[in-house]
Each structure stands twice: as structure tokens, then as C-alpha cells.
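# Understanding the architecture of this molecule
One-letter residues, chain by chain:
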Amino acid sequence: MGDLMRPVSFSELIKRIFDEYQEEGSIFGIYKDQFFKKANNSKLNIFGENCETPLGPAAGPHTQLTQNIITSWLTGGRFFELKTVQILDTLEVPKPCIDAEDECFNTEWSTEFTLTKAYDEYLKAWFILHLMEELFDLNNSKGRSFIYNMSVGYDLAGIKNERVQAFINDMMDSSSNEKFALYAKELQEIIEDDSFLKGTDLEGKVSSLKS
């Protein structure tokens, strides 16, 4: 694994997802006959929100990339432990950061992405998961099937910092963030063009997306 994670743009992610689905019948290597669909319509109530399963990826660097959140959802993850973010978001630490020859020592007190980049990845995944819930018949119950569980650290002073507070506020309600408006516009343009679904078994869903 490389030392750096490199985000993919919102529109490019959607293109990659549906190009692969058209050509291979898979998304990020997960074939459509392996997409998870719950056998019943029961939901769990956690923190005042509902999700289909109590399963999902443990928080870590992998949950700071949009495509990994999507892959987790396709395979049954519905409760997403998002990677902890903090005010010290540009630290450089030795890798690997955990020595586990005997006792385990973690030298890291950081986040892989800045607050802005982490939020951006979570927001892109949020939009794409809603799109996929509309396109793929995987949700047996009404409403959103998944929950984001945000994590911030690592001390009270850091959490109270203005930048961290802005991250928290945007995670709770993104409607006033400029990136939210940008991705909503990009997604609308992609849907209006509708070529992203050509050659798939999803072309009949275009009209429902436009309504």
C-alpha cells in the first residue's frame, strides 16, 4: 500500500463506477451477484437514526476514501465508523505506525487527510450512496439504509477549535456548504445527460432519477 491516499473527483468516481458496471458487471471489483440485499425490511434504531444492519468497517484510513465506503455498502455495511479527524491534520509520521512484535505501540496521533479533504470524501460518498440506493434494488425498506458515525479528537481543546467545529457542523448539516451545492449540480447534470447508464441494466431508472 502506498504512503499517500489520493482522492478521486466526484464526477470521475461516478464515471468509473458505471463504466466498470457496464463492462464487467461489477463495482470496484464487487460483482453484482455479490451485492448485499437484506432478506427482510427490518431496521435498527441507533442514535435516533435507522440503518439496515449493525455492520460496517472499523474506523481507519480506509474509511477516509469514498470508494471504500461505497464498497463497504455494496457488501452489507450500513453503519460507517468514519476515521477520526483532529486539528493536527498535517502531521508526518513514520509508516507503519504500529509495532506489534510483542506489545503494540502506535506512534500515530493523526489523520490521513486534512479536515477539508476528509469531509469532502464523506460528502462524495453520501451523494453516491443515495444515487445507488435509487438505482439498485438493494434497499428493502423506505428511507436511507445507512448511518454515518462521526469521530473527532483527540482532546477537548482540539474539538473546540474553530476548524473542527466547522467540520462537525458540516457533517451534521451540509446544506449550506459550497461543496454540497457543487456536487448536487454535478449530479443533476450527469442525470440529465443520462449516458452514464447506457449499456447497463439500469437505463429504465433514469426517469425516476429525474422526477
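Residues numbered from 1 in each chain as written. Predicted model: local features only at pLDDT ≥ 70, side-chain atom pairs only at ≥ 80, totals over all residues. Heavy atoms only, no water.

## A look at the packing of aromatic side chains
Per the counting criterion, the structure on display carries 16 aromatic pairs. For the pair tyrosine 21 and phenylalanine 35, a centre-to-centre distance of 6.5 Å together with 25° between the ring planes defines the contact as stacked. With tyrosine 21 in helix α1 (residues 10-24) and phenylalanine 35 in the loop between β2 (30-31) and β3 (44-46), this residue pair connects regions lying 14 residues apart in the sequence. By relative accessible area, which is 6% here, tyrosine 21 ends up buried. Given a relative accessible area of 9%, phenylalanine 35 falls into the buried group. (Phe/Tyr/Trp six-rings, centres within 6.5 Å; stacked < 30°, edge-to-face > 60°. Helix = DSSP H or I, 4+ residues; strand = E, 2+ residues; numbered from the N terminus. Buried < 20%, exposed > 50% of the residue type's maximum accessible area, 1.4 Å probe, protein only.)

## As for the side chain of lysine 38
With respect to the helices, strands and loops of the structure, lysine 38 is situated in the loop between β2 and β3. As a buried residue without a salt bridge, lysine 38 has its nearest oppositely charged side chain in glutamate 52, at a separation of 6.7 Å. Separated by 2.6 Å, the side chains of lysine 38 and asparagine 40 make a polar contact. Within polar-contact distance, the side chain of lysine 38 engages the side chain of serine 42 at 2.5 Å. Not counting residues up to four positions away in its chain, the partners in contact with lysine 38 are Glu52, Thr53, Leu138 and Asn140. (Lys, Arg positive; Asp, Glu negative; His and termini not counted. Salt bridge = Lys/Arg side-chain N within 4 Å of Asp/Glu carboxyl O. Polar contact = N/O pair within 3.5 Å; in protein donor to acceptor, adjacent residues only side chain to side chain. Contact = heavy atoms within 4.5 Å.)

## A look at helix α2 (residues 66-74)
Within α2, eight of the nine residues are buried, leaving the element largely enclosed by the surrounding structure. What α2 keeps buried is the set Thr66, Gln67, Ile69, Ile70, Thr71, Ser72, Trp73 and Leu74. Buried residues along α2 sit against α1, β1 (26-27), β2, β5 (79-81), α3 (115-135) and β9 (147-149). With its phi angle positive at about 115°, glycine 76 sits one or two positions after the end of α2.

## Some points on the packing of α2 against α3
The interhelical angle for the contact between α2 and α3, taken along N-to-C directions, is 35°, at an axis separation of 8 Å. Between α2 and α3 lies a crossing whose hand is right-handed. For the pair formed by α2 and α3, the contact residues are Thr66, Gln67, Ile69, Ile70, Trp73 and Leu74 on the first element and Glu121, Tyr122, Lys124, Ala125, Ile128, Leu129, Met132 and Glu133 on the second. The residue inventory of the contact of α2 with α3, partitioned by class, reads nine nonpolar, two polar and three charged. (Axes fitted to C-alpha atoms, helices over the stretch in contact; angles between N-to-C directions. Left-handed = near helix turned anticlockwise from the far one by under 90°. Nonpolar A, V, L, I, M, F, W, Y, C, P; charged D, E, K, R; others polar.)

## Here's the deal with the pattern of salt bridges
One pass over the structure, following the stated rule, counts 10 salt bridges. Between lysine 37 and aspartate 137 there is a salt bridge; the shortest N-O distance is 3.1 Å. Here lysine 37, found in the loop between β2 and β3, pairs with aspartate 137, found in the loop between α3 and β9; they are 100 residues apart in sequence, far enough to count as distant. Of the residues examined, lysine 37 reaches a relative accessible area of 38% and is grouped as partly exposed. Note that glutamate 49 is salt-bridged to arginine 144, the shortest N-O span being 3.1 Å. Residue glutamate 49 is located in strand β4 (residues 49-51), and its partner arginine 144 is located in the loop between α3 and β9; the two are separated by 95 residues in the primary sequence. Look at arginine 144 and you get partly exposed, because its relative accessible area is 26%. In the salt-bridge network here, residues are joined through shared partners; they are Asp120, Glu121, Lys124 and Lys179.

Geometric values such as these leave the question of function open.
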